[in-house]
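A structural walkthrough
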Protein chains: 2
Amino acid sequence: MPILLPLAAALFAQAATPAQPAPKPPLSPSDIVAAAPASAWRTIPDDDILIFTLANGRRVIVQLAPAFAPRHVERMRVLVNARWWDSTSVYRVQDNYVAQWGDVTEKKKLPAGVADDGPAEYIRTAGVPSVRLTRPDSFASIAGFDASGWPIASDGKSSWLTHCYGMVGVGRDLAPSVGSSAELYAVIGHAPRALDRNIALVGRVIEGIDALSSLERGTGKLGFYGDAQKPTPIVSARLASALPAGDRPHFEYLAPTSPAFARYLHARENREPPFFTVPAGGADICNVPVPVRPKK
Amino acid sequence: MPILLPLAAALFAQAATPAQPAPKPPLSPSDIVAAAPASAWRTIPDDDILIFTLANGRRVIVQLAPAFAPRHVERMRVLVNARWWDSTSVYRVQDNYVAQWGDVTEKKKLPAGVADDGPAEYIRTAGVPSVRLTRPDSFASIAGFDASGWPIASDGKSSWLTHCYGMVGVGRDLAPSVGSSAELYAVIGHAPRALDRNIALVGRVIEGIDALSSLERGTGKLGFYGDAQKPTPIVSARLASALPAGDRPHFEYLAPTSPAFARYLHARENREPPFFTVPAGGADICNVPVPVRPKK
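Cut-offs used in this document
Residues numbered from 1 in each chain as written. Chains lettered and ligands numbered in written order. Predicted model: local features only at pLDDT ≥ 70, side-chain atom pairs only at ≥ 80, totals over all residues. Heavy atoms only, no water. Helix = DSSP H or I, 4+ residues; strand = E, 2+ residues; numbered from the N terminus. Buried < 20%, exposed > 50% of the residue type's maximum accessible area, 1.4 Å probe, protein only. Core = buried A, V, L, I, M, F, W, Y, C linked by side-chain atoms within 4.5 Å. Contact = heavy atoms within 4.5 Å. pLDDT = per-residue confidence, 0-100. Disulfide = S-S within 2.5 Å.

1. Let's talk about the environment of B:Thr134
All names here are of chain B. Checked against the element boundaries, Thr-134 lands in the loop between β6 (131-132) and β7 (142-145). By relative accessible area, Thr-134 is classed as exposed at 58%. Put simply, Thr-134 and Gly-281 are 147 residues apart on the chain and 7.6 Å apart in space, counted from C-alpha to C-alpha.

Right under this line is the structure:
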């Protein structure tokens, strides 16, 4: 079964023989990430790690982005500490768009202090990208990476998180609704960047996105589950900081300002032989995911 | 459960009361497509419609692109007429990348005339887009739509199909391999545009992409199915042109050169109130899928 690019380097290496050693293939983006020194990685705080456990045992772990949506993240911490998401469900899965979860009954009472109000946290009035992509962005004048490890777009004065695969946002009704922070969605398809600046992004899935993206698509309008379909139960939601020290999962991200990230970005924008023959010379912001990995 | 944008118009309409009629919301992209006149639609030839039927009963229907990959499509017609894909399987599902199918055993003999040879059909030496996007593309100097209904990118001299969600390509090994046309993949995540010009695209899924995108992800390297996983059997593959006239599914696409498509493109690039408040003023080529629908 012929494979697609990522196995190329491996195949190439296999093709080498003692008699005729093959030229060493260039480092792939993942090779570069694997070789990045410890100094290039930044630890994600335990209080920014939100762990959803599904009925099938799978975990969906979300890294929160308090610097971009402080009010929503504050309310999400209230919700998780009140165990509000325990016994809720993933009730909407729209192909090439989003998986959405929360209270499908619409009857569950929100904790004190949590309501659909407050500021619309769709943009930050600061924060041009520390690291920019080589080619233009199709949705904004500037796109790149914030030093804190997030993909952002900017108009030169303000900046905002971009709706890349795996990003997590807050469902809302029509403006002026900003969402209560209780109904969440994750992007499971091609980045719906038109949502940028129109809805609040509060984080990204850093483990288990496939537990959402591989769910049966909803047969109802907009991918809401039909009467004959069973939403996926969410057994519990916990902050890593609320778990016993020994039970906390730890993660780290590759600092966008590190030399290793610069090499990774260049490799993503210019894929190399032996598999690739025509490098694009660029990539969009969602084709250069910030590397995040479990921390030992 | 607060919803995301697409239901906005509907909600807005519901908000209207006889006493205070709400202003009519602007037409959404799907409203524009639904309102497009018959003259804006083009029928897809029966010989370009390839129907894969999975063991679970789901159909994955692919529109072939002979104008872009004539040799591959010619070989695919030989393969389907030889019923080569019957009793093969979907054996690789890599999250946010591709689902791949064909002969997982690597032992199935190819029909006469089908082999991993011939020209690399990665670009066309013609065909600047008939319709262009408003904003720049992150991977090429020009991006837009071919009059024949396909998303393409171009350098001003040549053009090529773009790896958008649902596009179908031919798996290959390292160059000079071009693939035998027997092992195919469909994009099930954010468009891996770095593959453009490096691998042959031969069509797009026009029905049933979710039957591939919702499959369990492979636990092996690159999303190949592990020993404990069962590939999804492909019961049969047939060209619509090989079915009795009454059994043939028919499809049509919205002509990119039609006024209705221009309105659709503008609406996709500038999402409107009542849900959206900040239009992007642009979109990437994969955020403006060419509308394709069953033909009555």
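Having seen the structure, we can now continue with the description.
2. Describing the nonpolar core
In this structure, B:Phe145, B:Leu161, B:Leu254 and B:Phe261 are the most contacted members of the largest nonpolar core, which totals 48 residues. When contributions to this core are tallied by element, the ones reaching two or more residues are α2 (29-35), β2 (49-54), β7, β12 (201-207), β14 (251-254) and α5 (259-269) of chain B. Top contributing element to this core by residue count: α5(B), with five residues. In this structure, B:Leu254 is in contact with B:Val33, B:Ala36, B:Ala40, B:Trp41, B:Ala260, B:Phe261, B:Val290 and B:Pro291, ignoring residues within four places of it in sequence. In terms of nonpolar packing, the next biggest core, distinct from the first, is built from 47 residues, A:Ile152, A:Ala240, A:Ala267 and A:Cys286 among them.

3. With respect to the confidence of the model for chain A
All names here are of chain A. In this model, chain A carries an average pLDDT of 93, and 92% of its residues clear a pLDDT of 70 or more. By mean pLDDT, helix α1 (residues 8-15) is the weakest element of chain A at 36, and strand β3 (residues 59-64) is the strongest at 99. The model gives residues 5-18 a pLDDT under 50, and that stretch makes 26 contacts with residues more than four places away or in other chains. Reported for the predicted complex are a pTM of 0.94 and an ipTM of 0.93.

4. Considerations on the state of the cysteines
Residue and element names in this part refer to chain A. In total, this model carries two disulfides over all chains according to the counting rule given. Note on cysteine connectivity: Cys-164 is disulfide-linked to Cys-286, with sulfurs 2.1 Å apart. Disulfide Cys-164 to Cys-286: torsion about the S-S bond roughly -75°, handedness left-handed. Taken together, the residues Cys-164 in the loop between β9 (159-161) and β10 (167-170) and Cys-286 in the loop between α5 (259-269) and β15 (292-294) connect sequence positions 122 residues apart. Here Cys-164 and Cys-286 have matching classes, each one buried.

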